[in-house]
Amino acid sequence: MANISYDDFAKLDIRVAKIVSVEPIPGKTRIIKGSIELGSETRDVIIGGAQYYNPEELVGKTVIAIVNLEPKTLAGIQSNAMLLAADVNDKPFWLTVNEDVPPGSAIK
C-alpha cells in the first residue's frame, strides 16, 4: 500500500460518534441503516456486518467515524459517514475509545 502525506491525512474529518438508532433495510441481511450523533448533529449511515450483531447491541455504542467522505447511496439510503472497524474474517469490530469522550470530538 502506498504512503500518504500528512496533508492527505489532515483532510480526513474523523470524530467520535454514538449510534443512536438502527433499523433493518428490507431485503438486506448484511447491512442496516443507522443514525449517529456527532455532538450537535445526527447523520444517517449504512452499517455493515448486520449478520453478526443484533441491532440492540449497536444502539448506544461509541464508535469512530470519518464524516467528510462524499455521501454514498446503498440500498436506496444515503450514508453520510463511514464507521471505522477492524475486519477479522469479514466481521467488523468497531473502533472506539476507552474513556467517556463526547460525541463529535475530533480524532487527530
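Residues numbered from 1 in each chain as written. Predicted model: local features only at pLDDT ≥ 70, side-chain atom pairs only at ≥ 80, totals over all residues. Heavy atoms only, no water.

J.: Sorry if this is basic, but what is going on with the pattern of salt bridges here?
T.: Opposite charge on two side chains allows them to pair when their charged atoms are near. Scanning the entire structure with this criterion turns up five salt bridges. Taking the shortest distance from any N to any O, the salt bridge between Asp90 and Arg30 comes out at 2.5 Å. Placement of the pair is Asp90 in the loop between strand S8 (85–88) and strand S9 (91–94) and Arg30 in the loop between strand S1 (14–24) and strand S2 (31–37), with a sequence separation of 60 residues. Arg43 is the salt-bridge partner of Glu41, the closest N and O atoms lying 3.1 Å from each other. By relative accessible area, Arg43 is classed as buried at 17%. (Salt bridge = Lys/Arg side-chain N within 4 Å of Asp/Glu carboxyl O. Helix = DSSP H or I, 4+ residues; strand = E, 2+ residues; numbered from the N terminus. Buried < 20%, exposed > 50% of the residue type's maximum accessible area, 1.4 Å probe, protein only.)

J.: Mind showing me how you'd approach the pairing of S9 here?
T.: Each regular strand shows side chains that alternate between the opposite faces of the sheet. Burial of the side chains of S9 is restricted to one face: Pro92 and Trp94 are buried, whereas none of Lys91 and Phe93 on the reverse face is. Pairing of S8 with S9 involves four bridges; the strand directions are antiparallel. Residue pairing across strands places Ala85 opposite Trp94, the latter belonging to S9. (Pairing = 2+ DSSP bridges.)

J.: Just checking my understanding: could you explain the layout of surface pockets for this structure?
T.: Picture a little ball the size of a water molecule; that probe, rolled over the atoms, points out where space is still empty. Each pocket or cavity is described by its volume, and for the largest pocket that value is around 550 Å³. Lining the largest pocket are 23 residues, with Ile46, Ile47, Gly48, Met82 and Leu83 positioned closest to its centre. Elements represented by at least two residues in the lining of the largest pocket include exactly strand S3 (42–48), strand S5 (72–74), strand S7 (82–83), S8 and S9. By residue class, the composition of the lining of the largest pocket is 13 nonpolar, four polar and six charged. (1 Å grid on protein atoms, 1.4 Å probe; cavity = no way out; pocket = protein on both sides within 12 Å on 5 of 7 lines; lining within 4 Å. Points joined across faces, edges and corners; volume = space filled by probe spheres on them. Nonpolar A, V, L, I, M, F, W, Y, C, P; charged D, E, K, R; others polar.)

J.: How should the nonpolar core be read in this particular structure?
T.: As a rule of thumb, soluble globular proteins bury nonpolar side chains together. Formed by 17 residues in total, the largest nonpolar core has its most connected members in Ile19, Ile36, Ile47, Leu58, Ala65, Leu83 and Trp94. At the level of secondary structure, the elements contributing two or more residues to this core comprise S1, S2, S3 and strand S4 (62–66). When residues in this core are grouped by element, the largest group, three residues, is from S1. (Core = buried A, V, L, I, M, F, W, Y, C linked by side-chain atoms within 4.5 Å.)

J.: How do you make sense of the packing of aromatic side chains when you look at a structure like this?
T.: How two aromatic rings sit relative to each other is set out by the distance from centre to centre and by the angle between their planes. All chains considered together, the criterion is met by one aromatic pair. With centroids separated by 6.1 Å and ring planes inclined at 50°, the aromatic side chains of Tyr6 and Phe9 adopt a geometry described as tilted. With a gap of three residues between them, Tyr6 and Phe9 both fall in helix H1 (residues 6–10), about one helical turn apart. Tyr6 gets classed as exposed once you look at its relative accessible area, which sits at 63%. (Phe/Tyr/Trp six-rings, centres within 6.5 Å; stacked < 30°, edge-to-face > 60°.)

J.: How do you make sense of the side chain of Arg43 when you look at a structure like this?
T.: Considering the arrangement of structural elements, one finds Arg43 in strand S3. Here Glu41 takes part through its side chain, which lies 3.1 Å from a polar atom of the side chain of Arg43. Setting aside chain neighbours within four positions, we find Arg43 in contact with Gly34, Ser35, Ile36, Leu38, Val67 and Asn80. (Polar contact = N/O pair within 3.5 Å; in protein donor to acceptor, adjacent residues only side chain to side chain. Contact = heavy atoms within 4.5 Å.)

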